[in-house]
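Here is what each chain is made of, one letter per residue.
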Amino acid sequence: VIDTAVGQLRTGSVVLRPMLAWLTLAFVATLADGLNGLAQDYSSRRLEDDLNLELNSMILTHAAKLDVSFFENPASQDILFRAKQNAAMSLSRFVGGSLNAGSNLIQIVSLLAIVVAIEPLILIVIVVAAVPYMRFQWSLTQNRYGLERSRATKRRWTQYFVSSLTDSGSVPEAKILDLAPMMIKKFRALMSEFRDQDRRLLLRSTRAATIFSGFATTAIYALFARVALRVLRGSSTMGDLAIFGAAAARLRLTVEVEITSVANLLEQMLNISNLQELLSAKPQIVSAAGATSLHHYRGEIALEGVSFSYSSSSEPALRDVSLTVRAGETLAIVGENGSGKTTLVKLMVRFYDPTVGCVRIDGQDLKSIDPRDL
């Protein structure tokens, strides 16, 4: 458009027709860009809603198949916590981020084609600036993910403190025992730790972005001056100068956005792996080969030399317990907190298998009975 206008000024022509095709092309491209943004926003919102429904249904369906022991294991609770942290949003962002990265890549290639034709040295500048910055962002993303992954237990604690002081079922106990000061102190300590860690990562990211932006901008404007000098000498046109200035500035910004987008894609992939980790968990209490059905039963329960230890405890919850509860008999089991009463019942319904000994119903080992019938 600029070169056509300059040419017409030199000839004294005032006809718009020679630049009409370029103006029309610019109008169509700009309109398409605006409509594309609206379509992308609509599609991403629809995608996130659909993924939220499907992925959370998938989590619930899979969780329903897992053993009680999975949910009582602290390590498994961390897996479950990480998987539930916006799995749908991570997958939606991955899809949207992939499209954005592809779009930015097209922009980078087209902008490079324009500016390299005018000043080839800009290709060296972009490579020298972008490659180290990309490696840094990749490393920073992995560090950020690893840090957040290690926080799962502490994140669960912060949620526990909040629920204990705000949920109606927990507030009376917290008030009677005056737990608020202690819980608030612990909550603030954990959140302050998270804040300080995030601040250090943010500082590193800002420092690297500043170096990249400063170097790239300085180098691009030095090349801009070279193009301006060629225009003054008559070896380049005013259009070359105008398009190089606009395209080179846009190129620097697009390269920076592309690097950030690719790093975000890696982060979303790592977040999606949290969901895969949960879905790969398998139940341990399953039907053994040749398991029998239990259609007719009297209800006699017998424990024979039963001992049991939780994986997270070094001390056994039960040690060499033998007893029989006959059909129709009522038996009360009493004891202090932690003496194994609940564990005893969990073994009777086969939420766990004994470490030593066996549990029988009507003379049959629970392991030989289909868990659904039990």
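Quick summary incoming for the structure in this document. (Residues numbered from 1 in each chain as written. Predicted model: local features only at pLDDT ≥ 70, side-chain atom pairs only at ≥ 80, totals over all residues. Heavy atoms only, no water.)

## As for the overall build of the chain
Right, so step 1: Tallying secondary structure elements over the chain gives 11 helices and 4 strands in all.
Right, so step 2: Projecting the C-alpha coordinates of the chain onto the three principal axes gives extents of approximately 110 × 50 × 40 Å.
Right, so step 3: Of all 374 residues assigned to the chain, the portion counted as buried reaches 31%.
Right, so step 4: Partitioning the intrachain contacts of the chain with sequence separation of at least 6 by distance along the chain shows that 73% fall at a separation of at least 24.
Right, so step 5: Here the chain displays about 23000 Å² of accessible surface, and carbon together with sulfur accounts for 61% of that area.
Right, so step 6: For the chain, the centre of its 39 positive side-chain charges and the centre of its 34 negative side-chain charges are spaced 9 Å apart. (Helix = DSSP H or I, 4+ residues; strand = E, 2+ residues; numbered from the N terminus. Buried < 20%, exposed > 50% of the residue type's maximum accessible area, 1.4 Å probe, protein only. Contact = heavy atoms within 4.5 Å. Areas by Shrake-Rupley, 256 points an atom, 1.4 Å probe, with all protein chains shown as cover. Lys, Arg positive; Asp, Glu negative; His and termini not counted. Charge placed at Lys NZ, Arg CZ, Asp CG, Glu CD.)

## Concerning empty space enclosed by the protein
Right, so step 1: Taken as a whole and assessed by the stated rule, the structure comprises 1 cavity of 30 Å³ or more.
Right, so step 2: The volume enclosed by the largest cavity comes to roughly 30 Å³.
Right, so step 3: If you go around the largest cavity, the residues you meet are Leu347, Arg350, Tyr352, Asp353, Pro354, Val359, Asp365, Leu366 and Lys367. (1 Å grid on protein atoms, 1.4 Å probe; cavity = no way out; pocket = protein on both sides within 12 Å on 5 of 7 lines; lining within 4 Å. Points joined across faces, edges and corners; volume = space filled by probe spheres on them.)

## Some thoughts on the side chain of histidine 62
Right, so step 1: Here histidine 62 shows up in helix 2 (residues 17-65).
Right, so step 2: Given a relative accessible area of 12%, histidine 62 falls into the buried group.
Right, so step 3: Here histidine 62 is in contact with Leu278, Leu279 and Ala281, once residues within four sequence places are set aside.

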